[in-house]
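# Chain and residue survey
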Amino acid sequence: MTRHVTDDSFHSEVVKADRGVLVHFWADWSGPSKAMAPILDEVAAEYEGRLHVVRMNVDANPETPRMYHVRHIPTLLLFKNGTVAGRQVGTSMKSQITAFIDSHS
């Protein structure tokens, strides 16, 4: 299951994480964002112990998306060692998400 992060917890849970973190930027009003949620839960289970998967609601947490230039949702940012290693914008199938993660390993 994915965890939720906020503007306040982002630095400690993503930037300072002990492993890579996949961040799903989403909003309640976005159908594509909602459709990706169960897929990301599956990805989180598959990559458990190797990668954290977290979600951030852009409406409730506007500072972090602005800082990382998230202009469209859904957007996935892959963080490694505290910096963005990859960005994927738009709805993605599970195979596309795992390929995205694996290409940055």
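In this text, all values refer to a predicted model and were calculated from it rather than measured experimentally.

## Considering the packing of aromatic side chains
Across all of its chains, the model carries 3 aromatic pairs by this definition. Ring plane angle 45 degrees and centroid distance 5.5 Å describe the contact between Phe10 and Tyr68, whose orientation is recorded as tilted. Of the two residues, Phe10 sits in helix α1 (residues 10-15) while Tyr68 sits in the loop between α3 (63-67) and β4 (75-80), which places them 58 residues apart along the sequence. The same class applies to Phe10 as to Tyr68, namely buried.

## Some points on helix α2 (residues 31-46)
Every α-helical turn comprises 3.6 residues, leaving residues that sit three or four positions apart pointing alike. Between the first and last C-alpha of α2 there are 24 Å, a value that for 16 residues agrees with the 22 Å anticipated at 1.5 Å per step. Roughly 30 degrees is the biggest bend found in α2, and it falls at Ala37, with proline Pro38 one to four residues downstream. Along α2, the residues classified as buried are Ser33, Met36, Ala37, Leu40, Val43 and Ala44. Against the buried residues of α2 lie β2 (20-26), β3 (51-57), β4 and α4 (94-103).

Thresholds applied
Residues numbered from 1 in each chain as written. Predicted model: local features only at pLDDT ≥ 70, side-chain atom pairs only at ≥ 80, totals over all residues. Heavy atoms only, no water. Phe/Tyr/Trp six-rings, centres within 6.5 Å; stacked < 30°, edge-to-face > 60°. Helix = DSSP H or I, 4+ residues; strand = E, 2+ residues; numbered from the N terminus. Buried < 20%, exposed > 50% of the residue type's maximum accessible area, 1.4 Å probe, protein only. Expected span 1.5 Å × (residues − 1). Bend = angle between axes of the 7 residues up to and from the residue. Contact = heavy atoms within 4.5 Å.

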